[in-house]
Amino acid sequence: MDGVEARSLRPLRVSIVNSTRAWGGCEVHTEALGTALAARGHRVRLVEYGTAFLDPRTEHEPRSFEVIAGRPAIDFSTMSFPTAVTALRSLRADVLVHPRPWFPSANWRFDLAARLIGAAYVTIEHSTCEPVSGASIGERIRHRALSVAPHLVVSVSSFGAARLREVGFGENSLAVVHNGVDPERFRPDPVARREARGRWGVGEDDVVFGYAGRFRKEKGLDFALAAFARACAAAPGARLVLVGDGAQRHALAVAADALGIASRLTFEPFSNEVHRLYPGFDCFVLPSLTEALPLSLLEAMACGCVGLATAVGGVPEVLPDATAGWTVPPADVDALAAAMSRVLSMSSSERGSAGARARQRVIEGFDSRRQMASLVGLLEQRFAKVH
């Protein structure tokens, strides 16, 4: 919408509903959306059911939108239709937005209730669904019910949108708005690099492979450890840093000891200032078995890290060629080890050039300011009325 039309829009009452239990890419996106909508003059409420998830970084900063926390914990994936109608109708929203971190847990009863309360219902899909070829009859019926409920479905990757089309989601209700990051917050920082590497006991000539995120099975970190063990055998200056926490923390430590790489592995607790840790990496490794479009990869690349990730979900949309990094098949230790060896064989200037190209890739295609402007513009075009 142009400036004149935008100024004449009637503000929308937008309720964003959340029931996740941990801070991750979906929650980062949700907070950015609330901020972007409020900046356009819309009345935004983020309604948290159960544990408040908002980033501790913002606890003492003024917010431009309302946060309603402390609602009774509700599992949207098992909620009954009557309960969903009661809960959602009480929000009195013009637009109801449901950021969904995991599509397989989608509940058609919740979605149909959201459709019927009188508000425009929008889902934002931060994962992918299984291909239709592997779906049971019951799953296909469930997919059909889910496809007719939302007025608009936004996928954060083209891959995710293609999967949704396969299972019956209509083209008119489906849109792609890629994830994005702030390249001003996530940027190369020589001071932060020295501080991080100093804390890890890493020299400037050493090569650091890094990961940041949850330690869960689907993140494939066991494959990363095995690949690193092979690649670093002839590279005494190679190090691996894992930032985060999760159920696999102990198992990863045990595996590292068994592989003989415990002395080269550093566990770093999750930080709400992860933008000061990424510059300490030379190469960001994302060995996931499944992804939509990972924010952590974009954040690290914006900080000048070479990207190395498995070719799952929307990852090839971020790394379409080898100019800024590489993709490898999931669960392929040989391929991942070979790619790590390639990084180790590069000179520091070659890695720096690849990291600069990685940052430029993010700036050109995944700047959060442009992505959020596109998403807000889409919501306004579909649902806002002109005075």
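That block above? That's the structure.
Definitions and limits used
- Residues numbered from 1 in each chain as written.
- Predicted model: local features only at pLDDT ≥ 70, side-chain atom pairs only at ≥ 80, totals over all residues.
- Heavy atoms only, no water.
- Helix = DSSP H or I, 4+ residues; strand = E, 2+ residues; numbered from the N terminus.
- Buried < 20%, exposed > 50% of the residue type's maximum accessible area, 1.4 Å probe, protein only.
- 1 Å grid on protein atoms, 1.4 Å probe; cavity = no way out; pocket = protein on both sides within 12 Å on 5 of 7 lines; lining within 4 Å.
- Points joined across faces, edges and corners; volume = space filled by probe spheres on them.
- Nonpolar A, V, L, I, M, F, W, Y, C, P; charged D, E, K, R; others polar.
- Phe/Tyr/Trp six-rings, centres within 6.5 Å; stacked < 30°, edge-to-face > 60°.
- Lys NZ or Arg CZ within 6 Å of the ring centre and 35° of its normal.

Considering the arrangement of structural elements, one finds Phe-223 in helix α8 (residues 221-231). For Phe-223, a relative accessible area of 24% gives the class partly exposed. The sequence separation of Phe-223 and Pro-330 amounts to 107 residues, and the corresponding C-alpha distance is 8.9 Å.

A full pass over the atoms with the stated rule returns one cavity of 30 Å³ or more. The calculated volume of the largest cavity comes to roughly 30 Å³. Taken together, Phe-223, Pro-287, Thr-310, Val-328, Pro-329, Pro-330, Ala-331, Asp-332, Val-333 and Leu-336 form the lining of the largest cavity. Here the residues of the lining of the largest cavity are counted per class, giving eight nonpolar, one polar and one charged.

This paragraph deals with the packing of aromatic side chains. For the coordinates displayed, the defined rule picks out eleven aromatic pairs. Aromatic pair Phe-186 and Tyr-278: ring centres 6.1 Å apart, planes at 55°, arrangement tilted. Taken as a pair, Phe-186 in the loop between β7 (174-176) and α7 (190-200) and Tyr-278 in the loop between β10 (265-268) and β11 (283-286) lie far apart in primary sequence, 92 residues in all. Comparing Phe-186 with Tyr-278, the two get one shared label, buried. Cluster of aromatic residues (ring-pair linked, three or more members): Phe-186, Trp-200, Tyr-211, Phe-215, Phe-267, Tyr-278, Phe-281 and Phe-284. Just above the ring of Phe-103 sits the side chain of Arg-142; from NZ or CZ to the centre is 6.0 Å.

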